[in-house]
Amino acid sequence: PYLYRYHLNILKRIAAAFAAALLFLPAVSIAQLGADSIFEKIKNQQDSTKVRLLLEYCWNNRSKHPHEALKCGEQALKLARNINDGKSAAKASNLVGVVYRNLGFYEKSITSYKNALKISEANNDSVQIAYSYNNIGGLYRLEGNNTLALEYILRALKLFENLKNKSGMSFCTINIGLIYRRQQNFIKAMEYLNYTLRLREEIGDRPGKALALNLIAEVLFEQGDINSALKYYLAVEKEYKAVDDEKGLAATWGGIGGVYYAQKNYKLALEYRERALDMSKKINYLEGLVANYSNIGLIYAHLGNFKKADQNFSMALNITTNLKEINSLMECYKYYSEYNEIRRDYPRAIEYLKKYQTLKDSVNKHDNIAMITEMEAVYKAEKAERENALLTKDIEREKTQRDYIIIIAILIIILTLITYSRYHSKKLANKKLQELNTVKDKFFGIIAHDLKNPFNVILGYTEILLDEYKNLDEEEKIGFINQIDKASKQTYRLLENLLFWSRSQIGGIEFNPKNFDLSDIIVQTFLLFDSVAKNKKIELNTNVENRFEVYGDEEMIRTVIRNLVFNGIKFTPTGGKVSVLTEKSNGNIKVAVEDNGIGISSDRMEKLFSLNNISTTEGTASEKGTGLGLVLCKELVNKNGGEIFVTSTKGAGSRFVFTIPSKS
């Protein structure tokens, strides 16, 4: 009996192994088949097995045979729904979205991703939730909305890290690396791409490793290190051949062609570009087709064969009519502009340069570099604490401040026109006009960057809250509300200074001097910035007496102290101190606002109070500002018959002092 049971167990194990081998055979044999043949091949398998095999085929052929992969993915989705397999349905919907993205159908792609997110959330499938977030973020990246892209990708990365899913993490980090690369922040791009490389080496993902190496080569090329880029490309070419990745080979050959083009070796450049073009045609790789047709056109232009150059650019431009990938469009227009410049067809060169610039501006409209840096820091370090009741209030504030931008823009335009008319009739009209244009450019720079950026934050987060409110957890909602609040307060402070300054320039502010209590203003200012100071653990001190009366315009002096105290907090690191000190001197009162912060360099101190030298500055906790507040302080102090000056030591703090008449 013992021997019987022993041999029976052996036979059972052999049978189980044989059955597993038979189950595995379809996965091997279907790799080279088309969709219809696959359906026939697996028709006798269980539905769950069919779903698994179809999903494997869809993933493995997403680039080589995208149309066949799409059929298999959609069939897998249908079967998964029929057997109520929510996890497989979510995975299938995500894979279908990937194939649609590769084919350039971005609207169908985003629909599939959002459907995958909905299914995975219903099934509490954290893995597919994370993949959905990353896929949605990746699509926003391709469309040029890097700020919104990073928001989704960081949410995905957080989930993958909690799951310790290195494969998913590597998909997120490569997306982040590409975002920084498009911003030409090559240091951050290389940081994330090298991190991706390490992750994929750890999990033994050879195709993924090859992709990371290829992107590193592209970054090196864009940095101008073409020799290192070529070494990487040649190494990556071997990797892609080993794993039979045709899309990867197309990208690598295009990169090698680009290196030889930069070296003016047009013969080898053409050889590799044509290889890349043939492969892109084979797999219907639209971005590859546009890039290679355009670059081949440029090569033929340098070789003097304008007929072939025209043919290639015609093909590239024809494909771009249906292309949604914004960077490919930009490059095509840029290359075509260069080509027409070579041909000396300057009107067409300018036409396509304008198209390129329009696309670039549309990307910049969404591309808030400061916000991206801040989001990354928030992801790594901060958890916000705000109540949901603030949401409605903040959205209304955002609408109000949007109106303020229009008002301020009108005020600035009026101010510019008035100033222009005053100086036009004077002897130094040309010199003054040049100064005026400089001032105007500075103001439009402020509007375009320091007003636009916080509103991009507000609009981006409110869009997410409106679209994804039910899908967000409480912590995420509070975090978004906190960011809206932070951006709103930042914008409000800037608007307040701009409005106050513009009114002063056109005589809209009356000078109403009177005796008033300076101690009240200082206390109220400290209360205003109490939460900001506490967040940075900064101590606020004053030596002012309980009743300390001075003579001047109370509102103007309040604005001066408020700006100086805020600057002190802004440029003082965590744990520092900001003090407001007063003393009587020759019938005047000296008010000093001093800190132990980062200090100011000597060359910058000379320019602090000049309007022509305002520029965006960043505090020790990434607070934003333009320097307009100090210009305003100088004007208001002067109106009150006082003076303002600064002393500072780099790394040891700053001391701003202004005078005001004592009580009359």
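Predicted model only: the values in this text are computed from it and were never measured.

**Student:** Quick rundown of the nonpolar core? Include the residues and the values.
**Tutor:** Formed by 60 residues in total, the largest nonpolar core has its most connected members in Trp253, Ile256, Tyr333 and Tyr339. The leading source of residues in this core is helix H15 (residues 286–302), at nine residues. Those residues within four positions of Trp253 in sequence are excluded, and the remaining contacts are Glu237, Lys241, Tyr272, Arg275, Ala276 and Met279. Ranked by size, the runner-up nonpolar core spans 39 residues in total, among them Ile557, Val578, Met605 and Leu632.

**Student:** Would you mind going over the packing of helix H4 (residues 66–82) against helix H5 (residues 86–103) in detail, with residue names and values included?
**Tutor:** The contact between H4 and H5 brings their axes to 8 Å, and the two run at 160°. Taken together, the axes of H4 and H5 are roughly antiparallel relative to one another. In terms of crossing hand, the pair formed by H4 and H5 is left-handed. Seen from H4, the contacting residues are Pro66, His67, Ala69, Leu70, Gly73, Glu74, Ala76, Leu77, Ala80 and Arg81; seen from H5, they are Ser88, Ala89, Ala92, Ser93, Val96, Val99, Tyr100 and Leu103. Residues of the contact of H4 with H5, tallied by class, amount to twelve nonpolar, four polar and two charged.

**Student:** If you had to explain the confidence of the model for the chain to someone new, which residues and values would you point to?
**Tutor:** Overall, the predicted model of the chain reaches an average pLDDT of 81, with 78% of residues at or above 70. Below pLDDT 50 for its whole length, residues 381–392 participates in 21 contacts with residues either more than four positions away or in separate chains.

**Student:** Break down the pattern of salt bridges for me, with residues and values.
**Tutor:** Oppositely charged side chains can form a pair if their charged atoms are brought close together. Here the structure, examined in full by the defined rule, presents 22 salt bridges. Put simply, Glu271 and Arg275 hold a salt bridge, and the shortest N to O gap is 3.1 Å. Taken as a pair, Glu271 and Arg275 lie in helix H14 (residues 266–283) at a separation of four residues, close to a single helical turn. On the accessibility criterion, Glu271 (36% relative accessible area) is partly exposed. A salt bridge links Glu594 to Arg655, with the shortest nitrogen-to-oxygen separation between them at 2.5 Å.

**Student:** Can you tell me about the packing of helix H16 (residues 306–320) against helix H17 (residues 326–342), naming the residues and giving the values?
**Tutor:** Following both chains from N to C, one finds H16 and H17 inclined at 155°, their axes separated by 11 Å at the closest point. One finds that H16 runs roughly antiparallel with respect to H17. The crossing of H16 and H17 is left-handed. Residues Phe306, Ala309, Asp310, Phe313, Ala316, Leu317 and Thr320 of H16 lie in contact with H17, whose contacting residues are Leu329, Cys332, Tyr333, Tyr335, Tyr336, Tyr339 and Ile342. A class-by-class count of the residues in the contact of H16 with H17 yields twelve nonpolar, one polar and one charged.

The rules behind the values
Residues numbered from 1 in each chain as written. Predicted model: local features only at pLDDT ≥ 70, side-chain atom pairs only at ≥ 80, totals over all residues. Heavy atoms only, no water. Core = buried A, V, L, I, M, F, W, Y, C linked by side-chain atoms within 4.5 Å. Buried < 20%, exposed > 50% of the residue type's maximum accessible area, 1.4 Å probe, protein only. Helix = DSSP H or I, 4+ residues; strand = E, 2+ residues; numbered from the N terminus. Contact = heavy atoms within 4.5 Å. Axes fitted to C-alpha atoms, helices over the stretch in contact; angles between N-to-C directions. Parallel < 35°, antiparallel > 145°, perpendicular 65-115°, else oblique. Left-handed = near helix turned anticlockwise from the far one by under 90°. Nonpolar A, V, L, I, M, F, W, Y, C, P; charged D, E, K, R; others polar. pLDDT = per-residue confidence, 0-100. Salt bridge = Lys/Arg side-chain N within 4 Å of Asp/Glu carboxyl O.

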